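Single-letter residue listing:
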Amino acid sequence: MQRGAAFLGSEVAILGGAMSWVSERHLVAAISDAGGFGVIACGAMTPSLLDAEIGATTARTDKPFGVNLITMHPDLTELIDVCARHGVGHVVLAGGLPPKGSLEAIREAGAKVICFAPTLALAKKLIRSGVDALVIEGMEAGGHIGPVSTSVLAQEMLPEIAEQVPVFVAGGIGRGEAIAGYLEMGAAGVQLGTRFVCATESIAHANFKKAFIRASARDAVASVQIDPRLPVIPVRALKNAAGELFAAKQREVAQALDESRVAMGEAQLQIEHYWAGALRRAVIDGDIEHGSVMAGQSVGMVTKEEPCAAIVDTLMAEAAAALARRAA
């Protein structure tokens, strides 16, 4: 883990997963103060909102933290400029291949670039293009997910790329024993999101946290696409009324398509806009039935509200004990 910690400038190589509305100034600063590496989730923020968020986080901690930017954001160039003005040391690019010029812009500002690599071929391409580190995230994660499990991605990718750049493994990690296993396989560190949602410092609504503490792994399910004409990007979240209503909405729109009552473009927009504001409704307003309660399958290992420092200490103690047992 020393390699990952040295790369991040943190005490331990535990990245906080960037969760929209959750990974903001309070939680990010707390993760970094606890020895990990907090990451602001920019999500759909405007450049001015991100500017304020970085400033507020800097006011809360003197430890390093990063910023996660979505590659499809229409203001990506301006967001990169905001990070540069604040001297952000690490920028995480998520949501697809980095647009032309974005890697260069981040590196010219003196920051390190971390990218998500869902396949080995893409990982190799990103390394050739000059990224400084990679995150490989399996389908057990919360939020937007790919089709392959963390353990399979790690086995396939770490032997091929771990020597070239630091690689952080993510998705379904809830205990230190799993961290130890991925480190032994060559990972430089890990990324955890779900485990930090119920941190004392997290601003998530009390209802949101209670839903996590009550949930088991099988409650965190991926959204289903009902009709191939209506694309749905899989998202893992806790089962609730909104998920059932979304399935009904897809059936309704598909029937309208069949009966030529709606054009294809309009039908797809209806599906795309269904979840607009749903995450905020759950995280901030506490509507856990009609909002999107994004959670990874490690949610069953979230059993109480506790400070970030306690979470990091527990994970590291479990990892150290696991490695000690193997060395004995």
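In the block above lies the structure referred to throughout.
In short, a report on the structure.

Procedures and definitions
Residues numbered from 1 in each chain as written. Predicted model: local features only at pLDDT ≥ 70, side-chain atom pairs only at ≥ 80, totals over all residues. Heavy atoms only, no water. Helix = DSSP H or I, 4+ residues; strand = E, 2+ residues; numbered from the N terminus. Rg over C-alpha atoms; globule rule 2.2 N^0.38 Å. Buried < 20%, exposed > 50% of the residue type's maximum accessible area, 1.4 Å probe, protein only. Phe/Tyr/Trp six-rings, centres within 6.5 Å; stacked < 30°, edge-to-face > 60°. Pairing = 2+ DSSP bridges. Salt bridge = Lys/Arg side-chain N within 4 Å of Asp/Glu carboxyl O. Contact = heavy atoms within 4.5 Å. Polar contact = N/O pair within 3.5 Å; in protein donor to acceptor, adjacent residues only side chain to side chain. Axes fitted to C-alpha atoms, helices over the stretch in contact; angles between N-to-C directions. Parallel < 35°, antiparallel > 145°, perpendicular 65-115°, else oblique. Left-handed = near helix turned anticlockwise from the far one by under 90°. Expected span 1.5 Å × (residues − 1). Arc of directions from axis to C-beta.

A closer look at the overall build of the chain
From N to C terminus, the chain includes 13 helices and 11 strands. In summary, the chain has a C-alpha radius of gyration of 19 Å against a globular reference of 20 Å for 328 residues, a match within 12%. Overall, the C-alpha framework of the chain stretches about 65 × 45 × 40 Å when taken along its three principal axes. Across the 328 residues in the chain, those meeting the buried criterion constitute 52%.

Focus: the packing of aromatic side chains
Scanning all chains against the criterion turns up five aromatic pairs. Plain terms: the ring middles of F7 and F168 are 6.3 Å apart, the flat faces sit at 40° to each other, and that makes the pair tilted. Here F168 lies in strand 8 (residues 167–170) and F7 lies in helix 1 (residues 2–8), a separation of 161 residues in the sequence. Residue classification places F7 among the buried positions, given a relative accessible area of 14%. Arranged with centres 5.0 Å apart and planes meeting at 85°, the rings of Y274 and W275 form a pair that is edge-to-face. Taking relative accessible area as the criterion, Y274 reaches 22% and is therefore assigned partly exposed. For W275, a relative accessible area of 28% corresponds to the partly exposed category.

Considerations on the sheet that holds strand 10 (residues 220–222)
In space, the three strands of this open sheet follow the order 7-11-10, with antiparallel pairing throughout. Each end of this open sheet is capped by a strand with a single partner; those strands are strand 7 (143–144) and strand 10. Both strand 7 and strand 11 (residues 235–238) contribute to a ladder of two bridges, which runs antiparallel. Residue pairing in the sheet places G143 in a bridge with R236 of strand 11.

Topic: the pattern of salt bridges
Under the definition given, this model contains 14 salt bridges. Note that K63 and E11 form a salt bridge whose closest N and O atoms lie 3.8 Å from each other. Of this pair, K63 sits in the loop between helix 3 (47–60) and strand 3 (66–70) while E11 sits in the loop between helix 1 and strand 1 (14–16), and the two are 52 residues apart along the sequence. Classification of K63 by relative accessible area gives partly exposed; the value is 31%. Between E160 and K124 there is a salt bridge whose closest N-O contact spans 3.6 Å. Of the two residues, E160 is situated in helix 7 (residues 150–161) and K124 in helix 6 (residues 120–129); the sequence distance between them amounts to 36 residues.

A closer look at the pairing of strand 11
With burial as the criterion, each face of strand 11 is covered, one bearing V235 and A237 and the other bearing R236 and L238. In terms of strand pairing, strand 10 meets strand 11 through three bridges, oriented antiparallel. When the bridges of strand 11 are listed, A220 appears paired with L238.

A closer look at the environment of H73
Inspection of the secondary structure assignment puts H73 in the loop between strand 3 and helix 4 (76–86). For the pair H73 and C115, spaced 42 residues apart in sequence, the C-alpha separation works out to 15 Å. Once residues lying within four places of it in the same chain are set aside, the contact partners of H73 are G43, A44, M45 and L79. A distance of 2.9 Å separates the side chain of H73 from the backbone nitrogen of D75, its partner in a polar contact.

Regarding the packing of helix 6 against helix 7
The relative placement of two packed helices is expressed as an angle between their axes plus a distance between the axes. Put simply, helix 6 and helix 7 touch, their axes get as near as 10 Å, and they point 30° apart. Overall, the two elements helix 6 and helix 7 adopt an arrangement that is roughly parallel. Relative to helix 7, helix 6 is oriented so that their crossing is right-handed. Contacts from L120, A123, K124 and I127 of helix 6 reach helix 7 at E156, M157, E160 and I161.

Overview of helix 13 (residues 308–327)
Its 20 residues give helix 13 an end-to-end C-alpha distance of 29 Å, which sits within 8% of 28 Å, the value for a rise of 1.5 Å per residue. By the burial criterion, the buried members of helix 13 are C308, I311, V312, L315, E318, A319 and A322. Along the axis of helix 13, the buried positions cluster into a sector of 135°, meaning they face one direction only. Facing away from the buried side of helix 13 by over 90 degrees, the exposed positions are D313, R325 and A327. Of the surrounding elements, those touching the buried residues of helix 13 are strand 1, helix 2 (25–33), helix 8 (176–184) and strand 9 (189–192).

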